[in-house]
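Examining the three-dimensional arrangement
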Amino acid sequence: DFDWRSNESGFYYQHYDFAKGIKFDNDWSTSFNYRIIGKVQDGSLIWLENRPHISLQKTISKEIIKWTLKSKQEFRFRKEKDLIMRTRIRLMAKSNKQIGKVKPYIGNEFFYDLEKNKYNKNWIVLGFDLTRSNQYAPTVYYKFISDLIDGKWISTYTLVFKITI
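The structure contained in this document is the topic of the report that follows. Just so it is clear, the structure is predicted and the values come from calculations on it, not from any experiment.

The strand order across the open sheet formed by 10 strands is β1-β2-β3-β4-β5-β6-β7-β8-β9-β10, and the pairing between neighbours is antiparallel. The open sheet terminates on both sides in strands that have one partner only, identified here as β1 (2–7) and β10 (152–164). Across the sheet, the mean angle separating the axes of adjacent strands is 20° when strand polarity is ignored. In the sheet, strand β9 (residues 137–149) pairs with β10 via 13 bridges, with the strands oriented antiparallel.

Encoded structure:
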């Protein structure tokens, strides 16, 4: 996957994520990923973080809803900063039925910092997958982000349009 972000002053963030996924017969899967993250500083793109991560996922598909529970272990190697290890746990409920030309979903992801021994971030997503083709799968979602900063929860949000190829 790749992600380029911009604001009023132009592009300021990029990441590239490479993965190898393995599916098992019993609705379990795993993936091994490597992400590189860069930000624009003083007009130049600087690669600031290397992030290998592994995940384990269980899917339970019922007639109306597909549930997924995913656990991810991240190792964040950041330029001129200490290594951060964190656990992310995501619960997602996605409709198995198409409503019009969309499939709605809702999810929650918890972030746990292993160095600080603290739950310190949360994402709630609400969105829908658009009609899928053989080449791509577009989705649109609202992401409500909460970060624990200096003992207080600070919230922001973003609207995301994503295409999986």
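The discussion continues.
This part covers unusual backbone geometry. Positive phi outside glycine occurs at Asp-27, with the angle close to 65°. You can see Asp-27 is positioned in the loop between β2 (10–23) and β3 (28–41). You will see that Asp-42, though not glycine, has its phi angle at about 55°, which is positive. Within the secondary structure, Asp-42 sits in the loop between β3 and β4 (44–61).

This brings us to the environment of Asn-7. Locating Asn-7 in the fold gives a position in strand β1. Residues Asn-7 and Glu-63 lie 56 residues apart in sequence; the distance between their C-alpha atoms is 41 Å.

Quick notes on the rules
Residues numbered from 1 in each chain as written. Predicted model: local features only at pLDDT ≥ 70, side-chain atom pairs only at ≥ 80, totals over all residues. Heavy atoms only, no water. Pairing = 2+ DSSP bridges. Helix = DSSP H or I, 4+ residues; strand = E, 2+ residues; numbered from the N terminus. Axes fitted to C-alpha atoms, helices over the stretch in contact; angles between N-to-C directions.

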